[in-house]
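# Understanding the architecture of this molecule
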Amino acid sequence: MADFVLGVDGGGTRTRVTVVGFDGHVRGAGMAGSSNYDDVGKDTAQANIALAAEEALAAAGVDRAQSAAIFLGMAGVTSDADKRHIYDIALALQLAPADRIGVNHDCSAALAGGLEGRPGIVQILGTGSSCYGRNSAGESWMAGGRGQLISDEASGNWLGIHAMRMAVRAYDGRTPDTVLLPRVLDALEIDSIEEILHRQFVVGMTRAEIAALAPLVLAAADGGDAVAAELLERGAQEVAEMVAAVAHKLGLASAPVCEVCMVGGVVEGSASYRQRITVAVQRMTPNAAIKLPVQPPVIGAAILALEIAGVDPLPAIVA
């Protein structure tokens, strides 16, 4: 009899899968490349989910056919059509019975793990960004998360794009000098800004490559670069606006405390960016309590999979 579930955290950079028993013990974990099918296509997304799942199942010493349920929290999944695509992938890979496959955007898994099932808000700041909340009535709302062209504010991708923009503006003489100029050139392996058109449109740049420029901004700001620091302040304000929108939509702004969990490599890896965000969020939402996640999104996905399997994720199991 099946006694384990699969949790999937599918991001724009990596896909993580974990095998979790009904007792809450993690039995195996696996990792592969991006499974955001908006970026890499359905075939590559399926291949990376399969690779990460096989690694996790092998580590656990179990067969996929024995899985009681699966929940996939996926970046870029917002519409019903998106969810159907991911459902079809899980079904094709035979990762769980057809009626025990759950799919939603990655925010839902991040919130479930970050706050261990409590009502509140999660702000994801990884390759992309999005803000998602759920109140005690089970109502949910999302702000941001609509893609890099129009709504990836404050994310690694957003910081990477702005790092290149500021490098160009400094080169032109439109803004003050910034260390971002030489550092962006080095990172892109070009000798001059004059080569950046070729780098963008001939060589090409993936979202992951652009997001990899974000640490340059974080390091430059920590080193006192005014241009980089201003970018982080702008990013913090963007986060504050997303959190405020979700909090007001769900009635969380009037609660005694509104827990806000910050998830993702960009914010978890930078105390200074996190502090800027905390100040900006609490300025707009005074009852916000900013915290780092208790559990990672992949465990949040497993918690949601346990619920699908009919297992109540009691505090002892989550612990």
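Scroll up for the structure.
Residues numbered from 1 in each chain as written. Predicted model: local features only at pLDDT ≥ 70, side-chain atom pairs only at ≥ 80, totals over all residues. Heavy atoms only, no water.

Moving on, we get to unusual backbone geometry. Non-glycine residue glutamine 94 carries a positive phi angle of around 55°. The phi torsion at glutamate 116 lies on the positive side, around 50°, for a residue other than glycine. As for its position among the elements, glutamate 116 is in the loop between helix H4 (106–114) and strand E6 (120–125). (Helix = DSSP H or I, 4+ residues; strand = E, 2+ residues; numbered from the N terminus.)

Right, let's get into the pairing of strand E4 (residues 70–74). Burial runs high along E4: 5 of the 5 residues are buried. The two faces of E4 match: Ile70, Leu72 and Met74 on one face and Phe71 and Gly73 on the other face are all buried. As paired strands, strand E1 (residues 4–10) and E4 are joined by 5 bridges and run parallel to one another. Counted as the bridge partner of leucine 6 is isoleucine 70 from E4. Across 5 bridges, E4 lies against strand E5 (residues 101–105) in parallel orientation. Its bridge partner being in E5, leucine 72 is matched across the sheet by valine 103. (Buried < 20%, exposed > 50% of the residue type's maximum accessible area, 1.4 Å probe, protein only. Pairing = 2+ DSSP bridges.)

On to the nonpolar core, then. Ranked by size, the top nonpolar core spans 52 residues in total, and within it Ile121, Leu180, Val239 and Ile277 carry the most contacts. Every element with two or more residues in this core is listed here: E6, helix H5 (156–172), helix H6 (180–188), helix H9 (214–222), helix H10 (226–249), strand E9 (258–263), helix H11 (265–268) and helix H12 (271–284). Broken down by element, this core gets its largest block of residues, 12 residues, from H10. Beyond its immediate stretch of four places on either side in the chain, leucine 180 contacts Ala163, Met166, Ala167, Leu216, Val217, Ala220, Val227, Ala228 and Leu231. If you look at the next biggest cluster of nonpolar residues, it comprises 28 residues, including Val19, Ala52, Ala53 and Ala56. (Core = buried A, V, L, I, M, F, W, Y, C linked by side-chain atoms within 4.5 Å. Contact = heavy atoms within 4.5 Å.)

Next up on the list: the pattern of salt bridges. Overall, the coordinates contain 10 salt bridges when judged by the stated rule. Between glutamate 233 and arginine 276 there is a salt bridge, and its shortest N-O distance comes to 3.0 Å. Here glutamate 233 is found in helix H10, whereas its partner arginine 276 is found in helix H12, with 43 residues between them in sequence. In this structure, a network of salt bridges that share partners links the residues Asp39, Asp152 and Arg207. (Salt bridge = Lys/Arg side-chain N within 4 Å of Asp/Glu carboxyl O.)

Moving on, we get to the sheet that holds E5. Taken together, the 5 strands give an open sheet; going across it, the order is E3-E2-E1-E4-E5, and neighbouring strands pair in mixed fashion. Unpaired on one side and paired on the other, strand E3 (26–32) and E5 mark the two borders of the sheet. Between one strand axis and the next, the sheet turns through 15° on average, direction left out of account. Packed on one face of the sheet, H4 meets E1, E4 and E5 and runs near 100° to E5. (Axes fitted to C-alpha atoms, helices over the stretch in contact; angles between N-to-C directions.)

Our next topic: a nonpolar patch on the surface. On the surface, Leu197, Phe201, Val202 and Val203 cluster together to form a nonpolar patch covering roughly 460 Å² of accessible area. For valine 202, the position within the fold is in helix H7 (residues 196–203). On the basis of relative accessible area, valine 202 is assigned to the exposed category, the value being 58%. (Patch = residues over 30% accessible without salt bridge, like charges linked within 9 Å, V, L, I, M, F, W, Y side chains within 5 Å. Areas by Shrake-Rupley, 256 points an atom, 1.4 Å probe, with all protein chains shown as cover.)

Let's shift gears to the packing of aromatic side chains. Tallied over the full model, the rule gives 0 aromatic pairs. When the ring centre of tryptophan 141 is taken as origin, the NZ or CZ atom of lysine 249, which lies over that ring, is 4.3 Å away. (Phe/Tyr/Trp six-rings, centres within 6.5 Å; stacked < 30°, edge-to-face > 60°. Lys NZ or Arg CZ within 6 Å of the ring centre and 35° of its normal.)

Relative to the helices and strands, glutamate 153 resides in the loop between strand E8 (140–144) and H5. Of the polar contacts made by the side chain of glutamate 153, one reaches the side chain of serine 151; its length is 3.2 Å. Beyond its immediate stretch of four places on either side in the chain, glutamate 153 contacts Leu125, Ser129, Trp158, Glu238 and Met242. (Polar contact = N/O pair within 3.5 Å; in protein donor to acceptor, adjacent residues only side chain to side chain.)

Bringing the sheet that holds E9 into the picture now. An order of E8-E7-E6-E9-E10 is seen for the 5 strands of this open sheet, with the pairing classed as mixed. Only two strands of the sheet have a single partner each, and these edge strands are E8 and strand E10 (288–291). On average, each strand axis in the sheet is inclined to that of its neighbour by 20°, with strand direction left out of account. Two strands pair when backbone bridges link them, and E6 and strand E7 (residues 129–134) are joined in this way by 6 bridges, in the antiparallel orientation.

So, about the environment of isoleucine 124. Along the chain, isoleucine 124 turns up in strand E6. Looking at isoleucine 124, the relative accessible area reads 10%, which means it is buried. As for isoleucine 124 and arginine 16, which are separated by 108 residues in sequence, their C-alpha atoms are 16 Å apart.

A separate point is the environment of glycine 300. Mapped onto the secondary structure, glycine 300 falls in helix H13 (residues 297–308). By relative accessible area, glycine 300 is classed as buried at 0%. Measuring from C-alpha to C-alpha, the distance between glycine 300 and valine 184 comes to 35 Å, with 116 residues separating the pair along the chain. Look past the residues within four positions of glycine 300 in its chain and what remains in contact with it is Ala109, Ala112 and Gly113.

Following the sequence through the fold, asparagine 104 ends up in strand E5. Contact partners of asparagine 104, with chain neighbours within four places excluded, come to Phe71, Leu72, Gly73, Met74, Val77 and Lys83.

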